[in-house]
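# Secondary and tertiary structure notes
Residues per chain are reported as follows:
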Amino acid sequence: MEISPSLLNNVLIPIVKALVIVNVMAVMSGVLTIIERRSLAFLQVRKGPNRVGWEGSLQWVADTVKLLFKEDVVPEKAEHLIHYLAPVLVVVPALTVFAVIPWGPEMTFRVPGIGKITTGAYATDLNVGLLFILAVTSIGIYGIILAGWASNSKYALLGGLRSAAQLISYEVPMGFAVVSVILMSRSLSLVEIIEAQRRMHLWFVFPGLLAFFLYFLSGVAETNRVPFDLPEAESELVAGFHTEYSGIKWSFFFLGEYANMVTVSAIATTLFFGGWLRPFPNVAALSFLDLIPGIVWFLAKIFVFMLVYIWFRGTFPRYRFDQLMDLGWKTLIPLALVNLVVIAIAALGGTRGLQILAWILCGGFALAVVVVTRTRSRKAARAARPVTPVEVRA
Amino acid sequence: MGEPFIFWLFAAIVTVGAVGVVAMRQPVHSAICLLLSFLGVAGLFVLAQAEFLAAVQILVYAGGIMVLFLFTIMLVNVKRAAGQPYVHTQAGAGLLAGFLLLAIVGGTVVASSRVRGLSGAGDLADPARLATTSITRDVTRVVDGKNVSTPVTEIVIGNSQAVAWGLYRDYLLPFEVASVFLLVAMIGAVVLGKRTMERVD
């Protein structure tokens, strides 16, 4: 059977890509849970799940099977339709976003019976890709708010309300951080942003150091993760917005959460760390690194961010709600505005201006790190000094 | 099938959502219907090749304003409103206003389509042109010691560029006036909110 090129390019390839992306994401969330549990156990000096499969590597399969067959409990006075709809509203936007995330550059491969196919390792390259991501992720809020409301439970409602306030507050600094990258790359398309970083020989994290920190902090807050996981604070709200959920509906919230974490990591990689580019794409001496395909670089960078997420969870205590709001409105938003103005001025100077800004920022950052660690180690040395008998008597 | 089918699908979603907003008894359900309507409008924007507007529509209306609506509805106890009768005393005035609006909007649509029909330029069907805009600007050059400005027309491709040229060049003054209005409204809200907070203290 002959397949026409328009059918192939407009229907078959997008369908195959969508299927691959959705399934990879679902499996990836499962694998990430076991990575998270083992890493947390490592941070907390305990063993973690290590029975099912090699070193517990199949624990997530067992958990998924368990969740699929668990009874689905719905509170009697819940709003049944919306209670059912909420987990779907969390998962669908979280997976839709992956349509525009560029996993790798264009690739050519041979398919038996059809011939050569050249296609990018992304479902589509929208010219407003970045806005599309911001828009679609903002729909995911409804799942959480409606889950809290439809459960007809005080704890769930409080969790949902907290989540709404938190997400709206942190969307502002996140938007500003993203806008500063748009100023540097002059495009909203994610593929074009990566190409701009290659043309300028510059990962945008260097001129946009502050923007990156703002983006990632807001991203952690937007995904309801520690230390900003107030919507599900177990010491106050039982389990927050998903208190009244069980079985596969409950696990949908987690699928959505992990998918959102991957999204935030993927966008941070694309905007600030050169996406699928190898480190130092302009240094010819490192060209042997090109042997590793772009998609592997991209996944590796995402994985590092996921580890940072887990590291946060193992390290920081939870914020109080008023502290969270203060941080968002009184610290992050003013910082984001200052950052935007500075980058706008530097971007006027084109690539040269951005490079100068990068040198200034990174030099200042390195200096600050050196100063802080030296004063700290000096203080620690003073504290660790053995106490002399004279001091004890005094 | 194809594009007309998708247009009618989105149009149906918008209409059903809009009717749902007024017909639902539970305010949260009304809010969800409004959300549905917004999403349908975004879909129509995409069909009209205005991806930028579609994304902004979802980002601002669905992602921002509606969340605040829901937030307020949940905070305020609205169980009481659900038991009130369907037909209010203001129903007559509401109907009148609705019909007037229908007459104005419908009249405009009919009139504009008739004008387009007369001029023979019924070319709605070039979506690629909607995503581009032609910009005429004066380029000043020095010729023989004198400044000579010649108009140069450029074609700008891409949605966001087209919107930006419209907003920040052709309609700069209305845009600035609107933003000043918004700023005034924001300051007013802060002042009013502050007064209530002081009374609570």
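This write-up is about the structure you can find in this document.

### Quick word on the overall build of chain A
Along its length, chain A carries 13 helices and two strands. The C-alpha atoms of chain A give a radius of gyration of 24 Å, which matches the 21 Å a tight globule of 394 residues would have. Taken along its principal axes, the extent of the C-alpha atoms in chain A is 95 × 65 × 45 Å. Counting all 394 residues of chain A, 47% fall into the buried class. Within chain A, residue pairs in contact and separated by at least 24 positions form 76% of the contacts whose partners lie at least 6 positions apart.

### Let's talk about the overall build of chain B
Along chain B, the regular secondary structure elements total eight helices and two strands. Mapped in sequence order, the helices and strands of chain B form the string α-α-α-α-α-α-β-β-α-α. Residue burial in chain B is summarised as follows: out of 201 residues, 18% are buried. Total accessible area computed for chain B in this model is approximately 14500 Å², and 71% of it derives from carbon and sulfur atoms.

### Points about the pattern of salt bridges
Residues and elements named next belong to chain A. This structure, assessed with the given rule, holds eight salt bridges over all chains. With a shortest N-O distance of 3.3 Å, Lys 249 and Asp 72 are connected by a salt bridge. Residue Lys 249 is found in helix α9 (residues 247-272), and its partner Asp 72 is found in the loop between α2 (59-69) and α3 (80-96); the two are separated by 177 residues along the sequence. When its relative accessible area of 37% is taken as the criterion, Asp 72 is described as partly exposed. Across the pair Glu 195 and Arg 198 runs a salt bridge, and its minimum N-O distance is 2.7 Å. Of the two residues, Glu 195 and Arg 198 are both situated in helix α6 (residues 190-199); the distance of three residues between them amounts to about one turn of the helix.

### Section: the packing of aromatic side chains
Residues and elements named next belong to chain B. One pass over the full model with this rule turns up 20 aromatic pairs over all chains. Ring geometry for Phe 7 versus Trp 8: centroids 5.3 Å apart, planes at 75°, classification edge-to-face. Take Phe 7: its relative accessible area is 38%, and that puts it in the partly exposed class. Accessibility expressed as a relative area gives 59% for Trp 8, which makes it exposed.

### A closer look at the packing of helix α4 (residues 129-150) of chain A against helix α3 (residues 51-75) of chain B
At their nearest, the axes of α4 of chain A and α3 of chain B sit 8 Å apart, and the two run at 20° to each other. As far as their axial angle goes, α3 of chain B and α4 of chain A are roughly parallel. α3 of chain B is crossed by α4 of chain A, and the crossing has left-handed handedness. Across the interface between the two elements, Leu 131, Phe 132, Leu 134, Ala 135, Ser 138, Ile 139, Ile 141, Tyr 142, Ile 145, Leu 146 and Trp 149 of chain A of α4 of chain A pack against Phe 52, Ala 55, Val 56, Ile 58, Leu 59, Tyr 61, Ala 62, Gly 63, Met 66, Val 67, Leu 70 and Met 74 of chain B of α3 of chain B. Residues of the contact of α4 of chain A with α3 of chain B, tallied by class, amount to 21 nonpolar, two polar and no charged.

### Overview of the packing of α6 of chain A against α9 of chain A
All names here are of chain A. Where α6 contacts α9, the two axes come as close as 8 Å, and the packing angle between them is 40°. Taken together, α6 and α9 sit at an angle that is classed as oblique. Judged by residue contacts, Leu 190, Ile 193, Ile 194 and Gln 197 of α6 engage Thr 270, Leu 271 and Phe 272 from α9. Within the contact of α6 with α9, the residues separate by chemical class into five nonpolar, two polar and no charged.

### Here we look at the interface of chain A and chain B
Facing 22 residues of chain A, the contacting portion of chain B comprises 26 residues. Carbon and sulfur atoms supply 81% of the area buried between chain A and chain B, which totals about 2000 Å² over both sides. The largest contributions to the chain A side of the interface with chain B come from Tyr 142, Trp 149 and Leu 161 of chain A, which together make up 27% of the buried area. Where chain A meets chain B, there are zero salt bridges. Counting the contacts that link chain A with chain B gives two residue pairs in polar contact (both at pLDDT 80 or more). Looking at the side of chain A that touches chain B, the elements with two or more residues in it are α4 and α5 (154-185) of chain A. For the side of chain A that touches chain B, the element with the most residues is α4 of chain A, which contributes eleven residues.

### A short note on the side chain of Thr 270 of chain A
Residue and element names in this part refer to chain A. Its place among the elements puts Thr 270 in helix α9. Relative accessible area serves as the criterion here: at 1%, Thr 270 is assigned to the buried category. Excluding anything up to four places from it in sequence, Thr 270 contacts Pro 102, Leu 190, Ile 193, Ile 194, Gln 197, Gly 275 and Phe 298.

### Focus: helix α2 (residues 27-47) of chain B
Since there are 3.6 residues in each turn of an α-helix, residues three or four apart along the chain are aligned in direction. With 21 residues, α2 of chain B should reach 30 Å at 1.5 Å per residue; the first-to-last C-alpha distance of 31 Å fits that figure. Residues of α2 of chain B that are buried: Pro 27, Val 28, Ser 30, Ala 31, Cys 33, Leu 35, Ser 37, Phe 38, Gly 40, Ala 42 and Gly 43 of chain B. Contacts from the buried residues of α2 of chain B go to α4 of chain A together with α1 (3-23) and α3 of chain B.

### Focus: the side chain of Ser 265 of chain A
Residues and elements named next belong to chain A. Position of Ser 265 among the secondary structure elements: in helix α9. The buried category is assigned to Ser 265, whose relative accessible area is 0%. With near-sequence residues (within four places) excluded, Ser 265 lies in contact with Ile 302, Phe 305, Met 306 and Tyr 309.

Rules and cut-offs
- Residues numbered from 1 in each chain as written.
- Chains lettered and ligands numbered in written order.
- Predicted model: local features only at pLDDT ≥ 70, side-chain atom pairs only at ≥ 80, totals over all residues.
- Heavy atoms only, no water.
- Helix = DSSP H or I, 4+ residues; strand = E, 2+ residues; numbered from the N terminus.
- Rg over C-alpha atoms; globule rule 2.2 N^0.38 Å.
- Buried < 20%, exposed > 50% of the residue type's maximum accessible area, 1.4 Å probe, protein only.
- Contact = heavy atoms within 4.5 Å.
- Areas by Shrake-Rupley, 256 points an atom, 1.4 Å probe, with all protein chains shown as cover.
- Salt bridge = Lys/Arg side-chain N within 4 Å of Asp/Glu carboxyl O.
- Phe/Tyr/Trp six-rings, centres within 6.5 Å; stacked < 30°, edge-to-face > 60°.
- Axes fitted to C-alpha atoms, helices over the stretch in contact; angles between N-to-C directions.
- Parallel < 35°, antiparallel > 145°, perpendicular 65-115°, else oblique.
- Left-handed = near helix turned anticlockwise from the far one by under 90°.
- Nonpolar A, V, L, I, M, F, W, Y, C, P; charged D, E, K, R; others polar.
- Buried area = accessible area lost by both parts, 1.4 Å probe.
- Polar contact = N/O pair within 3.5 Å; in protein donor to acceptor, adjacent residues only side chain to side chain.
- Expected span 1.5 Å × (residues − 1).

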